[in-house]
Amino acid sequence: MSEKPPETPPETPIDEAGELASRRKKRDDLRARGRDPYPARAERDLACAAAAATPLEGEHGPEVRVAGRVRALRHHGKTFFAVIEDESGRIQLYVKKAV
């Protein structure tokens, strides 16, 4: 007796107008806080590969600034993980909301 493969649910249609309105609101919120949503330059202290190779000081590493493309973003309650990639490689960030 062969089992049927599970049916895939139909894709949810994308509300393009709602998506654009949401993005515009986020852009306008950044501008209202005095932030440029499309900066021409981003400052950084280290490349991703160099930041990943920096030794930790106890539980935390030194504070550094990296810049690159966000390749992955995963939310888990009060924490999230992000993967940033630049010309030197990738680094995974772990961010925890202070309570």
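Residues numbered from 1 in each chain as written. Predicted model: local features only at pLDDT ≥ 70, side-chain atom pairs only at ≥ 80, totals over all residues. Heavy atoms only, no water.

Student: For this particular structure, what's the right way to read the side chain of Thr79?
Tutor: Note that Thr79 resides in strand E2 (residues 79–86). Residue Thr79 is classed as buried on the basis of its relative accessible area of 15%. Those residues in contact with Thr79, other than ones at most four positions away along the chain, are Arg74, Tyr94, Val95 and Lys96. (Helix = DSSP H or I, 4+ residues; strand = E, 2+ residues; numbered from the N terminus. Buried < 20%, exposed > 50% of the residue type's maximum accessible area, 1.4 Å probe, protein only. Contact = heavy atoms within 4.5 Å.)

Student: I'm lost on the packing of aromatic side chains in this one. Help?
Tutor: Note on aromatic pairs: each is described by the distance of the centres and the angle between the planes. Under the defined criterion, the tally for this structure stands at one aromatic pair. Pairing Phe81 with Tyr94 gives two aromatic rings, centres 5.3 Å apart and planes at 45°, and the pair type is tilted. Taken together, the positions of Phe81 in strand E2 and Tyr94 in strand E3 (residues 89–96) put the pair 13 residues apart, joining distant regions of the chain. The exposure class assigned to Phe81 is partly exposed, which follows from its relative accessible area of 23%. (Phe/Tyr/Trp six-rings, centres within 6.5 Å; stacked < 30°, edge-to-face > 60°.)

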